[in-house]
Amino acid sequence: MYAEVDGARIRYEDTGSGEPIILIAGFGAIHSYWNGMVRLLEGYRVITLDNRGSGETEYNGAFSMDDLADDVVALADHLGIDRFHVLGWSMGSQIAQNLGIRHGDRLKSLTLVSTYLWRPPRSAYVLNGYTKMAADGFAPTECLAMMVNAMSFPPSVFEKLEARGEVMQMPKKLEDPKKMMMQLDAVNAYDTTETASSIRVPTLLVHGREDLMVPLPDGLRVAEEIPACETLVLDDAGHNILASRYADRFREFVDSHS
């Protein structure tokens with residue numbers, strides 16, 4: 001399904017019924033990233049979308065984190081949803097923070113997974129470098145995908161794969177690195193160090209103890225800034241966390257603020 005909003009045509013999915021939850025994916029990910037979580041959220045109305053810069057969402061020109069957050073609000077308006085719960089992962093958590101800062105009156109709760117105030121410099125170094133090389137044609141996009149996988153999963157995942165004589169598979173369809181660079185430009189320009197403390201929405205922070213992309217201390221700094229932020233730290237979890245690891249806690253959190 002598509003929603004025509006100001007400056008974009010948003011690709012989205014709308015499933016189920018009940019309390020409305022909007023799931024926001026991270027860098028280079030599309031709405032289907034959340035398929036596992038959607039299956040665990042029976043009894044809720046769950047909306048997923050392709051952010052500008054990935055999937056089938058159409059737009060013109062560069063965009064900012066404000067634009068990405070405004071797209072979520074415009075999609076909610078299109079669907080006739082006044083107030084909703086938001087869960088954002090990685091870059092999606094920055095979009096979610098932006099919503100909490102600029103559109104807090106529209107949110108019932110805010111869940112931030114693998115989040116940060118400002119992108120870590122080491123991660124920016126490799127993400128910007130590999131994405132630019134892929135966008136300029138100096139390296140295949142598969143190299144970018146391999147690097148993201150290596151930075152996103154804990155060592156145990158690779159150890160189990162190697163024990164079975166397997167390697168992590170590449171996505172069936174790789175995103176356009178030029179559009180992904182536009183997402184990184186938005187990320188690089190956004191910093192909530194001075195503004196996260198203004199969030200007054202009930203907030204849950206979920207972070208993996210083995211996160212290499214965004215080390216745990218960076219995530220905990222977000223929790224320190226947001227008043228009364230609840231925190232769930234998961235052992236043997238990296239940047240990309242299985243939905244089953246925190247779905248129950250997320251449901252409890254949503255129910256307590258519905």
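Residues numbered from 1 in each chain as written. Predicted model: local features only at pLDDT ≥ 70, side-chain atom pairs only at ≥ 80, totals over all residues. Heavy atoms only, no water.

(A) Summary view of the overall build of the protein chain. Looking only at helices and strands, the protein chain features nine helices and nine strands. Against the 2.2 N^0.38 benchmark of 18 Å for 258 residues, the protein chain shows a C-alpha radius of gyration of 17 Å, consistent with a compact globule. Taking the principal axes of its C-alpha atoms as reference, the protein chain extends roughly 45 × 40 × 35 Å. Buried positions account for 52% of the 258 residues belonging to the protein chain. Taking the intrachain contacts of the protein chain between residues at least 6 apart in sequence as the baseline, contacts between residues at least 24 apart amount to 76%. A total accessible area of about 11600 Å² is found for the protein chain, and carbon and sulfur atoms account for 52% of it. Each charge class in the protein chain was averaged separately, 24 positive and 37 negative side chains, and the resulting centres sit 2 Å apart. (Helix = DSSP H or I, 4+ residues; strand = E, 2+ residues; numbered from the N terminus. Rg over C-alpha atoms; globule rule 2.2 N^0.38 Å. Buried < 20%, exposed > 50% of the residue type's maximum accessible area, 1.4 Å probe, protein only. Contact = heavy atoms within 4.5 Å. Areas by Shrake-Rupley, 256 points an atom, 1.4 Å probe, with all protein chains shown as cover. Lys, Arg positive; Asp, Glu negative; His and termini not counted. Charge placed at Lys NZ, Arg CZ, Asp CG, Glu CD.)

(B) Layout of helix H5 (residues 141-152). Between its first and last C-alpha, H5 extends 17 Å over 12 residues, near the 16 Å set by a 1.5 Å rise per residue. For H5, the set of buried residues is Thr141, Leu144, Ala145, Met147, Asn149, Met151 and Ser152. For H5, the secondary structure elements touched by its buried residues are helix H4 (121-135), helix H6 (155-163) and helix H7 (177-188). (Expected span 1.5 Å × (residues − 1).)

(C) Inspection of the pattern of salt bridges at higher detail. Under the criterion given, the structure shown has 16 salt bridges. Arg45 is the partner of Asp14 in a salt bridge, and the nearest nitrogen-oxygen pair spans 2.7 Å. Pair noted here: Asp14 is in strand S2 (residues 8-15) and Arg45 is in strand S4 (residues 45-49), with a separation of 31 residues, a long-range link. For Arg45, a relative accessible area of 21% puts it in the partly exposed group. For Lys108, the salt bridge goes to Glu19, with nearest N and O atoms at 3.0 Å. One end of the pair, Lys108, is in strand S7 (residues 107-113); the other, Glu19, is in the loop between S2 and strand S3 (20-24), with 89 residues separating them in the sequence. Take Lys108: its relative accessible area is 17%, and that puts it in the buried class. Where salt bridges share partners, they join Glu4, Arg9 and Glu58 into one cluster. (Salt bridge = Lys/Arg side-chain N within 4 Å of Asp/Glu carboxyl O.)

(D) Inspection of the packing of H4 against H7 at higher detail. Close contact between H4 and H7 brings their axes to 8 Å; oriented N to C, the two are set at 150 degrees. Judged by the angle between their axes, H4 and H7 are roughly antiparallel. In the crossing of H4 with H7, the sense of the turn from one axis to the other is left-handed. Touching Ala124, Leu127, Asn128, Thr131, Lys132, Ala134 and Ala135 of H4 are Pro177, Lys178, Met180, Met181, Leu184 and Asn188, all from H7. Residue composition of the contact of H4 with H7, grouped by class: eight nonpolar, three polar and two charged. (Axes fitted to C-alpha atoms, helices over the stretch in contact; angles between N-to-C directions. Parallel < 35°, antiparallel > 145°, perpendicular 65-115°, else oblique. Left-handed = near helix turned anticlockwise from the far one by under 90°. Nonpolar A, V, L, I, M, F, W, Y, C, P; charged D, E, K, R; others polar.)

(E) Representation of the side chain of Glu175. Relative to the helices and strands, Glu175 is located in the loop between H6 and H7. In this structure Glu175 is buried but unpaired, with Lys173 as the nearest side chain of opposite charge at 4.3 Å. Of note is the side chain of Glu175, whose polar atom sits 2.7 Å from the backbone nitrogen of Gly55. The residues touching Glu175, leaving out its near neighbours within four places in the chain, are Gly28, Ile30, Ser54, Gly55, Thr141 and Met180. (Polar contact = N/O pair within 3.5 Å; in protein donor to acceptor, adjacent residues only side chain to side chain.)

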